[in-house]
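Secondary and tertiary structure notes
Spelled out from the first residue to the last, the chains are:
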Amino acid sequence: MAKTALSPSILDSNFAEIKKTIKLLDKAGVEYIHFDIMDGNFVPNLTFGPKIIKPLRPLTKTVFDVHLMIQNPEKYTPLFIDAGADIITFHYEAVKNVAKAINLIKSYGKKAGVSIKPKTPATVLKKYLKDLDLVLIMSVEPGFGGQKFMPESLQKAAILKKEIIKKGYKCLLEIDGGINMETAPLAAAAGIDILVAGSAIFGAKNPMSAIKQLRAAIAGTQKSKVKIQF
Ligand code: DX5
Ligand code: ZN
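Described in the following lines is the structure provided in the data block. Worth saying up front: this structure is predicted, and the values here are computed from it rather than measured.

Our next topic: the overall build of the chain. Secondary structure summary: the chain contains eight helices and eight strands in total. Relative to the compact-globule value of 17 Å for 230 residues, the chain shows a C-alpha radius of gyration of 16 Å, a close match. Along the three orthogonal principal directions, the C-alpha set of the chain runs to about 45 × 40 × 30 Å. The long-range fraction of contacts in the chain, counting pairs at least 24 apart against all pairs at least 6 apart in sequence, stands at 64%.

Rendered as structure tokens:
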């Protein structure tokens, strides 16, 4: 099994210290940094736009994993790419034409992801898997950090993982919401490639040691070969 990667979400970090946070994540050697973009329309919360991301880009080579929880993501895709996004993930529920939105991101040479909310079935994505770099399964209702993990999301992961393996696609699976020391090993065992974690890291007294602990919890699962069969 490939190593499960971490994508810390800065949503619940102290935004007055955002540069310090990015440097800490760079030092921790995490594989991705997750940026949650909310428009107060697609989700009932507001965060930030590309202007906040752009000055952070020179601080690290870590992959910028941008999660757009906004209506009309196509309109803003070029702005986030200009700001330094490496992966752009939009919501299936926010667009009329999924294939067109994927192609737009790929036309800039960037990686394209699609996310589904808890009530959206995994099967809607089957026909797009061959063109996708990433599927982001929401394991909470999008909008806020610190919510409880929905275990049903692992069933969705199993459906998609099975299809990806069967067809030999390169699409990665990412899970977002409620990932902590208890749920991270479950998601890793279900074959998720990338775990987003926000409050488990930035709600901790020491984010660096929280990252280490999460990694150890994931590694423990992988060593003991706990595996969900597909
Ligand atoms: C929720 C966001 C997540 C979330 C993660 O809408 O997409 O990235 O902030 O936070 P935790 O890990 O606290 O659930
Ligand atoms: Zn997110």
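Continuing now.
Here we come to the nonpolar core. With 60 residues, the main nonpolar core has Phe35, Ile37, Ile53, Val135, Ile175 and Leu195 as its most contacted residues. For Ile53, the contacting residues outside a window of four places in its chain are Phe35, Ile37, Phe48, Phe64, Val66, Phe80 and Ala83. Core analysis: the next-biggest nonpolar cluster, separate from the first, contains six residues, Leu11, Phe42, Val43 and Met69 among them.

Here we come to helix α5 (residues 153–167). Here α5 is 15 residues long and its end C-alpha atoms lie 22 Å apart, about the 21 Å a rise of 1.5 Å per residue gives. Considered for burial, the residues of α5 that qualify are Ser153, Leu154, Lys156, Ala157, Leu160, Lys161, Glu163 and Ile164. Those residues of α5 that are buried lie in contact with β5 (111–116), β6 (134–138), β7 (172–176) and α6 (183–189). A positive phi of about 70° marks Gly168, the residue just after α5.

The zinc ion (ligand 2) binds to the protein through His34 (NE2), Asp36 (OD), His67 (ND1) and Asp176 (OD); the donor distances cover 2.0 to 2.3 Å. Viewed at the metal, the six donor atoms of the zinc ion (ligand 2) are separated by angles of 67 to 167°, and the geometry they form is octahedral. Counting along the primary sequence, the residues that act as donors to the zinc ion (ligand 2) give the motif H-x1-D-x30-H-x108-D. Of this pair, His34 sits in strand β2 (residues 32–38) while His67 sits in strand β3 (residues 63–69); the two residues are 33 residues apart in sequence, bridging distant segments of the chain. Under the relative-accessibility criterion, His34 is labelled buried at 0%.

Here we come to the environment of Ile105. Along the chain, the position of Ile105 falls in helix α4 (residues 98–107). By relative accessible area, which is 0% here, Ile105 ends up buried. In contact with Ile105, not counting residues within four places along its chain, are Thr77, Ile81, Ile88, Phe90, Lys110, Lys111 and Ala112.

This next bit is on the pattern of salt bridges. One pass over the full model with this rule turns up ten salt bridges. Here Lys161 makes a salt bridge to Asp193, at a shortest N to O gap of 3.6 Å. Of this pair, Lys161 sits in helix α5 while Asp193 sits in the loop between α6 and β8 (194–197), and the two are 32 residues apart along the sequence. Residues joined by salt bridges that share partners form a network here, namely Glu163, Lys166 and Lys167.

Okay, the site of ligand 1 next. Contacts to ligand 1 come from 20 residues, most closely from Asp36, Gly143, Gly146, Asp176 and Ser199. Backbone polar atom of Gly178 to an oxygen atom of ligand 1: 2.8 Å apart, as the coordinates give it. A distance of 2.5 Å separates an oxygen atom of ligand 1 from a polar side-chain atom of Ser199. Across the complex, the protein chains shield 99% of the 380 Å² of accessible surface that ligand 1 would expose by itself. Put simply, the parts of the chain that give the shell around ligand 1 at least two residues each are β2, β3 and β8.

A separate point is the pairing of strand β1 (residues 5–8). Burial of the side chains of β1 extends over both faces: Ala5 and Ser7 are buried on one face and Leu6 and Pro8 on the other. Pairing between β1 and β8: four bridges, direction parallel. Across the sheet, residue Ser7 finds its bridge partner in β8, namely Val196.

Counted under the stated rule, the structure contains three aromatic pairs. Each ring, one from Phe15 and one from Phe48, has its centre 5.5 Å from the other, and the planes form 70°; the classification is edge-to-face. Here Phe48 lies in the loop between β2 and α2 (50–53) and Phe15 lies in the loop between β1 and α1 (18–28), a separation of 33 residues in the sequence. Its relative accessible area of 35% is what places Phe15 among the partly exposed residues. Joined through ring pairs, the aromatic side chains of Phe15, Phe35, Phe48 and Phe64 make up one cluster. Across the ring face of Phe64, the terminal group of Arg57 is positioned such that the distance to the ring centre comes to 3.7 Å. The ring centre of Phe42 lies 4.9 Å from the NZ or CZ of Lys117, which sits over that ring.

Rules used throughout
Residues numbered from 1 in each chain as written. Chains lettered and ligands numbered in written order. Predicted model: local features only at pLDDT ≥ 70, side-chain atom pairs only at ≥ 80, totals over all residues. Heavy atoms only, no water. Helix = DSSP H or I, 4+ residues; strand = E, 2+ residues; numbered from the N terminus. Rg over C-alpha atoms; globule rule 2.2 N^0.38 Å. Contact = heavy atoms within 4.5 Å. Core = buried A, V, L, I, M, F, W, Y, C linked by side-chain atoms within 4.5 Å. Buried < 20%, exposed > 50% of the residue type's maximum accessible area, 1.4 Å probe, protein only. Expected span 1.5 Å × (residues − 1). Donors = N, O, S within 2.8 Å, 3.2 Å for Na, K, Ca; no water. Tetrahedral: all angles 85-135°; square planar, octahedral: opposite > 155°, others 65-115°. Salt bridge = Lys/Arg side-chain N within 4 Å of Asp/Glu carboxyl O. Near = heavy atom within 4 Å. Polar contact = N/O pair within 3.5 Å; in protein donor to acceptor, adjacent residues only side chain to side chain. Areas by Shrake-Rupley, 256 points an atom, 1.4 Å probe, with all protein chains shown as cover. Pairing = 2+ DSSP bridges. Phe/Tyr/Trp six-rings, centres within 6.5 Å; stacked < 30°, edge-to-face > 60°. Lys NZ or Arg CZ within 6 Å of the ring centre and 35° of its normal.

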